Amino acid sequence: MSRNTPSRTADTEPQPGDDRAFFGQPRGLLTLSGLEVWERFSFLGMQAILVLFFADSVADDGLGMDAGTAASVSAAYGTLVYLVSVAGGWLADRILGSYRAVLWGGILIACGHYSMAVPTATMTWVGLGLISAGTGLLKPNVANMVGKLYGTEDDRRDAGFALYYMGINIGAFLGPLITGWLGEHQGWHWGFSAAAIGMTLGLIQYVAGRRHLAGRKAAAEYALPQQAMRRAVLLIVLGVVGFALLAGVLAAVGWLTMDRFVDLLTLVSVIAPIVYFVWMFRSPRVTAEERGRLRPYIVLFLASVAFNFILFQAYSTMMLLASTNARTEILGFHFPAGWYASALGAFEVALAPVVATVWARMGHKQPHASNKIAFGVILGGLSFLLMVLPTSGHEDDTYQMAAWWIVGSYLLLGLGDILLETSGMSATTKLAPKAFASQTMALWFLSLALANGIQAQVVKLYGEVSNPVYFGLNGAVAVVVGLAVIAAAPWLRRTMHPVH
C-alpha cells in the first residue's frame, strides 16, 4: 500500500451523517466521551494529589521535595505526557490506526497507575513513564476520532466537542474527590490505586461501544508499506531501549539530575513545535490551500500555550497554595485540599452543556472560533489576577483565605477552558492537512507540552517572590495575549476557512 493512499474504509464503519442518537449527536460520541470520563478520572485524579505527594515528607509516605521543586517536577511530567503525543499521532496515522492507538494507550495508562499503587519511589517513576507513553497514544487520537464523527460543514461539531469536553470534566470532577479523600485518609498510593481502577473501567466501555466509532479500521489510514513499517517498528523499539539505558547510565554517574531532566524537557518542548510546523509547511503531502490554513493555526497554538500555562497551575501552584493558605471548609464542612481540583471539573460539567446549547442555537451566528479562544485566554488570566486580592496585605505566610477565593478563580478558569479547548480542538480537526490528521491534533497537544515546559521553569519562582506578584504577572500576560488574538480577528476570519 502506498504511503500516500488512504486505506479503504470498511462498509460497516459509521460515516458522518444524520446519526443523532445521543442528544442530537452521533452515538459514537457517547463511547468516546465515556472513555474520556474514566481517562480523566484517572489522570486528573492522580495529578490532583501528585504535587502534594511530591511535597509531603518521606515519613508520611511522600517524596520530601520543597514546594517549588514539587511544582516543577509535576509540570515536567505534564510536558513529557504531551511531547509523547507527537509519536502517538504518527503511530496512529502510519502504523496502528486511531482505534488501536487509543486502545493500547489506555492499556499503558492503566498499567502505569497500577505501578504507582506500589509504595516505592522506583515504581512511582516507572508508573509515570507508562502513563506518559499511554496518554501520548490516547489523547491526540481520541480527539481526532471525535472529529471523524462529523462532516466538515456540520454545525453540530462545536456542540459535539463541548459535550465531549463535558465528559472529560465529569472525570475531572469525580477523580480528585476519590483520590483526594483516599490520599489524605488512607495514603497516597491508595489514591493511585483508584486511578488504576478508573482507567480499567474506561477501557471496558470503549471496547464494548466500538461498533459506533468512525475510524475503526484494522489498518492505519495512511499506512506505511510493509517493509517500511517493520523497519519503523524495529527502530522505535531500539530507540526506546537505547534511551532507557542511556538515561540509566547518566543518572547512575550523577549527570542526569532531576533539575537537568526538567530543563531538558523544557528545551525539547520549545524546539519540537518549531520543527513540527516547519516539517508540515514543507511537506509535499500538504497542499497550498492546506498550508494557508496552517498560518492562522500558529496564532491559535500560541493562544493555547498562554491559557494552558495558567490552567495547568490549577494542579501545581494553586494546589500548593490551597494546601497551605486556604481554608479547607465550606459552611462548616471540612474536606481534603485535593478536593479543590474537583471544583474546576464541577464548573466545567455544569457550564459545558450551557455553552453547547448556546452554540447549537446560534448556528452560523455564533462568534468566530478565534474570538471564543481569545475570550478563554482572557478568562484564564483573570482567574490568576483574582488571586492577587486575597494574597495581598499580609505580614507573613500564615494567613488563611476563604475557600471561595479558590473556587471563584476555578470558575473563571473553567469557563475559559470550555471556550478555548472545545473551539481549539474543533478548529484543529477542520484545519488539519489530510495526510497529517492525527499528527495535527498532536500538534495541538504540543501547545500543552510547551505550556507545561514554560511552567516547569516559572513555578520555580513560586515561594521565591510574593504571591501577589507571582499571580499578578502571570495573569496579566495571559490577558494581553487574549487581547492580541482579538485584535488579529479580521485576519483570522479571512484565513481560517472552513472554520466559522
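Definitions and limits used
Residues numbered from 1 in each chain as written. Predicted model: local features only at pLDDT ≥ 70, side-chain atom pairs only at ≥ 80, totals over all residues. Heavy atoms only, no water. Helix = DSSP H or I, 4+ residues; strand = E, 2+ residues; numbered from the N terminus. Buried < 20%, exposed > 50% of the residue type's maximum accessible area, 1.4 Å probe, protein only. Contact = heavy atoms within 4.5 Å. Areas by Shrake-Rupley, 256 points an atom, 1.4 Å probe, with all protein chains shown as cover. Core = buried A, V, L, I, M, F, W, Y, C linked by side-chain atoms within 4.5 Å. Expected span 1.5 Å × (residues − 1). Axes fitted to C-alpha atoms, helices over the stretch in contact; angles between N-to-C directions. Left-handed = near helix turned anticlockwise from the far one by under 90°. Nonpolar A, V, L, I, M, F, W, Y, C, P; charged D, E, K, R; others polar. Phe/Tyr/Trp six-rings, centres within 6.5 Å; stacked < 30°, edge-to-face > 60°. Salt bridge = Lys/Arg side-chain N within 4 Å of Asp/Glu carboxyl O. pLDDT = per-residue confidence, 0-100.

The next point concerns the overall build of the chain. Assigned secondary structure in the chain consists of 17 helices and 2 strands. Counting every position in the chain, which comprises 500 residues, the buried fraction comes to 57%. Put simply, 84% of the contacts in the chain that link residues at least 6 apart link residues at least 24 apart. Just so you have it, the chain exposes about 19900 Å², and 68% of that area is on carbon and sulfur atoms.

On to the nonpolar core. In a soluble, globular protein the nonpolar side chains are often hidden away together inside. Among the nonpolar cores identified, the biggest contains 127 residues, and Met-46, Tyr-164, Tyr-206, Tyr-340, Ile-406 and Tyr-410 are the most heavily contacted of them. In terms of residues, this core owes the most to one element, helix α1 (residues 28-55), which gives 13 residues. Those residues in contact with Met-46 that sit more than four places away from it in its chain are Phe-41, Tyr-77, His-113, Met-116, Leu-128, Ile-131, Thr-179, Phe-192 and Ala-195. Among the nonpolar cores identified, the runner-up in size contains 10 residues, and Leu-91, Ile-95, Leu-96 and Met-229 belong to it.

Taking 1.5 Å of rise per residue, the 18 residues of helix α12 (residues 369-386) would be expected to cover 26 Å, and the 26 Å separating its terminal C-alpha atoms lies within 8% of that figure. Most of α12 sits out of view: 14 of its 18 residues are buried.

Contact geometry of helix α2 (residues 67-96) with helix α8 (residues 258-282) gives a least axis separation of 10 Å together with a crossing angle of 35°. Two packed elements cross with a definite hand, and for α2 against α8 that hand is left-handed. Together, Ser-72, Val-73, Ala-76, Thr-79, Leu-80, Leu-83, Val-86 and Trp-90 of α2 and Met-258, Val-262, Leu-265, Val-268, Ser-269, Ala-272, Tyr-276 and Trp-279 of α8 make up the contact between the two elements. When the residues that make up the contact of α2 with α8 are grouped by side-chain class, the tally is 13 nonpolar, 3 polar and no charged.

This part takes up the packing of aromatic side chains. Note on aromatic pairs: each is described by the distance of the centres and the angle between the planes. Evaluated as defined, the whole model comprises 15 aromatic pairs. Considering the side-chain rings of Tyr-99 and Tyr-206, the 5.0 Å spacing of their centres and the 20° angle between planes classify their relative orientation as stacked. On the criterion of sequence distance, the pair formed by Tyr-99 in helix α3 (residues 98-116) and Tyr-206 in helix α6 (residues 188-208) is long-range, its members being 107 residues apart. In this structure Tyr-99 comes out as buried when scored by relative accessible area, which is 10%.

Summed over the entire model, instances satisfying the criterion amount to 4 salt bridges. Its salt-bridge partner being Lys-139, residue Glu-36 comes within 3.1 Å of it at the nearest N-O pair. Taken as a pair, Glu-36 in helix α1 and Lys-139 in helix α4 (residues 121-147) lie far apart in primary sequence, 103 residues in all. In terms of burial, Glu-36 and Lys-139 fall into one category: buried. The salt bridge involving Glu-289 is made with Arg-293; its shortest N-O contact spans 3.2 Å. Within this pair, Glu-289 and its partner Arg-293 are both found in helix α9 (residues 288-311), separated by 4 residues, close to a single helical turn. Residue Arg-293 is classed as buried on the basis of its relative accessible area of 11%.

Another point: the confidence of the model for the chain. As a general rule, the predicted coordinates of low-pLDDT regions are not to be interpreted in detail. Here the chain averages 82 in pLDDT, while 90% of its residues score no lower than 70. For the chain, the element scoring lowest by mean pLDDT is strand β1 (residues 329-330), at 78; helix α16 (residues 467-487) scores highest, at 93. Below pLDDT 50 for its whole length, residues 1-12 participates in 23 contacts with residues either more than four positions away or in separate chains.

What follows deals with the environment of Leu-443. In this fold, Leu-443 is placed in helix α15 (residues 437-458). A relative accessible area of 0% means that Leu-443 is categorised as buried. C-alpha separation for the pair Leu-443 and Phe-301, spaced 142 residues apart in sequence, amounts to 8.4 Å. Discounting residues that sit within four places of it in the chain, Leu-443 has contacts with Tyr-276, Phe-277, Met-280, Tyr-297 and Phe-301.

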